[in-house]
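This is what each chain is made of:
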Amino acid sequence: MTTALQQAGDMRRPLGTPAALLMRGIGKSFDGKAALRDASFCLEWGEVHAIVGENGAGKSTLMNVAAGVYVADGGEQSIDGEAISLRSPLEAAAAGLGMVHQHFRLVESFTVAENVLLGFGRKAAMKTLTDAAAIVSAKSSEIGLPVDPHKLVANLSIAERQRAEIIKVMLLGARILVMDEPTAVLTDEEARTLLSFAQRLSRQGHAVVLITHKFREVAAFCDRVTIMRHGETVLEGARVANVTEAEVARLMVGDALTVAGRPLSRPGDVCLSVERLSARATAHGQSLNDLGFELHVGEILGIAGVGGNGQEELVACLLGLDRAGAGAIVLDGQDISTAKPDQRREAGLRVIPSDRLA
Ligand SMILES: Nc1ncnc2c1ncn2[C@@H]1O[C@H](COP(=O)(O)OP(=O)(O)OP(=O)(O)O)[C@@H](O)[C@H]1O
Ligand SMILES: [Mg+2]
């Protein structure tokens, strides 16, 4: 099924030029459960290469193997034509591969320069904090990603932390940059800036791997795409121009896509009702004002709006982390407006926060 696409995806490389990163037959199990089985990947110099796949498909695991975080159970890997078996991220860095992880690896109570110095150990060029700050500033201007080396990481925005992380791995010598879902935490504008940077970097002869769930990022910023499903590579390195969103979606989920055609469920009884809810006034004014909605059993209710218009306050009021100024929250017929958070949990109300790690 994938053969035509795979052929279409083959990239012509001048004879004798090695791939930036080549992975073949990679297997990796955790506690006997296979996260990767016979996965392969081929990254060329000068390209931005997307890896897509459903949650749990093995994207992060494959790139963690590439970056020396995990040691594969089997398979072969080479960087720029050199066969390697990495034992640590430092070895990967020495081979020219750096990864910016889904969850950043910066020490919050350190400044950007201190974090970089920490990552460097005692390399010749960087002995003191003053050196580190100067080197960070220079790299930051060179690659066009502004960050203040003297700022504490705890005081940086998410986009700034990500830039600090990128600068850190670039300073460690990355010519291959792997970014694991970097835009999931960014605004659209920040995402465009980051992806343009990735493109610029690749055009200068580096190679970039972008793990993403967003097809429009693949279409707009990537040269090729590899699709993973259940720990395997189901489409390897197709040219983005040769695949459609529908094909990518079908390969990502396999036969499960037929589920999309299922009829709407018929809503049942009201299980949660929010009535005339107002949040406590803050210095910035009223974040929730006379809000009301009903959620029925069997429904998924979406709440849309520009960020910062009361969404966080609504979640805090529903959970009981904040007490509403007025109004009622009724769960299964029981008014929980004054109930404590643990009582609401007992009653069956749970939350998955936007920042899973923190
Ligand atoms: N350190 C670990 N210990 C045990 N199981 C793991 C570990 N890391 C990953 N897994 C499992 O391996 C499988 C692949 O996970 P992986 O994180 O690579 O998926 P992913 O494609 O990156 O998903 P997502 O899009 O959600 O980030 C999953 O079943 C996951 O639960
Ligand atoms: Mg992942």
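Below or above, wherever it landed, is the structure these notes cover. (Residues numbered from 1 in each chain as written. Chains lettered and ligands numbered in written order. Predicted model: local features only at pLDDT ≥ 70, side-chain atom pairs only at ≥ 80, totals over all residues.)

Examining helix α4 (residues 112-120)
Applied cut-off: Once C-beta atoms are placed from the backbone, each residue is buried if 20 or more other C-beta atoms lie within 10 Å of its own, exposed if 12 or fewer, and partly exposed for counts between those two. Here a strand is any run of E in DSSP of at least two residues, a helix any run of H or I of at least four, and the numbering for each starts at the N terminus. Here, residue contact means that the backbone-derived C-beta atoms of the two residues sit within 7 Å.
Every buried residue of α4 is accounted for by V112, A113, N115, V116, L117 and G119. Looking at the packing, one finds that the buried side of α4 touches α5 (129-143) and α6 (158-171).

Overview of the nonpolar core
Let me state the cut-off plainly: Connectivity within a nonpolar core runs through C-beta atoms within 7 Å, and the core itself is a set of buried Ala, Val, Leu, Ile, Met, Phe, Trp, Tyr and Cys residues.
The biggest cluster of nonpolar side chains holds 76 residues, and the ones touching the most others in it are L21, L97 and V178. Every residue in contact with L97, bar those within four places of it in the chain, is listed here: L21, A66, A67, I79, A92, A174, I176 and V178. The next biggest cluster of nonpolar side chains, apart from the first, holds 9 residues, and it includes A279, L288, L314 and I329.

Here we look at the sheet that holds strand β5 (residues 82-83)
What counts here: For two strands to pair, DSSP has to find at least two bridges joining them. Here the axes come from fitting lines to C-alpha atoms, over the contacting stretch only for helices, and the angles between their N-to-C directions go from 0 to 180 degrees.
As summarised here, the arrangement of the 4 strands in space is β2-β1-β4-β5, forming an open sheet in which the pairing is antiparallel. With one partner strand each, in any of the chains shown, β2 (33-43) and β5 form the two edges of the open sheet. Bridge count for strand β4 (residues 74-79) against β5 is 2 bridges, and the pairing is antiparallel. For S78, the partnering residue across the bridge sits in β5 and is A83. Of the strands in this sheet, β1 (21-30), β2 and β4 touch helix α2 (residues 59-66), which is tilted by about 115° from β1.

Description of the pairing of strand β10 (residues 232-239)
With 5 bridges joining them, strand β9 (residues 224-229) and β10 adopt antiparallel strand pairing. Counterpart to R224 in the pairing with β10 is R239. Hairpin connection of β9 to β10: 2 residues between the antiparallel strands, including H230 at a positive phi of 50°.

With respect to the sheet that holds strand β12 (residues 291-296)
Read from one edge to the other, the open sheet built from 4 strands follows the order β12-β11-β13-β14, with strand pairing classed as antiparallel. Only two strands of the sheet have a single neighbouring strand rather than two, namely β12 and β14 (334-335). One ladder, built from 5 bridges, connects strand β11 (residues 270-278) with β12; its direction is antiparallel. Counterpart to S273 in the pairing with β12 is E294.

Quick look at the site of ligand 1
Operational definition: Here, nearness is defined through the C-beta atom: a residue counts as near a molecule or strand if that backbone-placed atom lies within 6 Å of it. Amino acids are sorted into nonpolar (Ala, Val, Leu, Ile, Met, Phe, Trp, Tyr, Cys and Pro), charged (Asp, Glu, Lys and Arg) and polar (every other residue, Gly among them).
Lining the immediate surroundings of ligand 1 are F30, A35, G53, N55, G56, A57, G58, K59, S60 and T61. With 3 residues, the top contributor of residues to the shell around ligand 1 is α2. Classifying every residue of the shell around ligand 1 by side-chain character gives 3 nonpolar, 6 polar and 1 charged.

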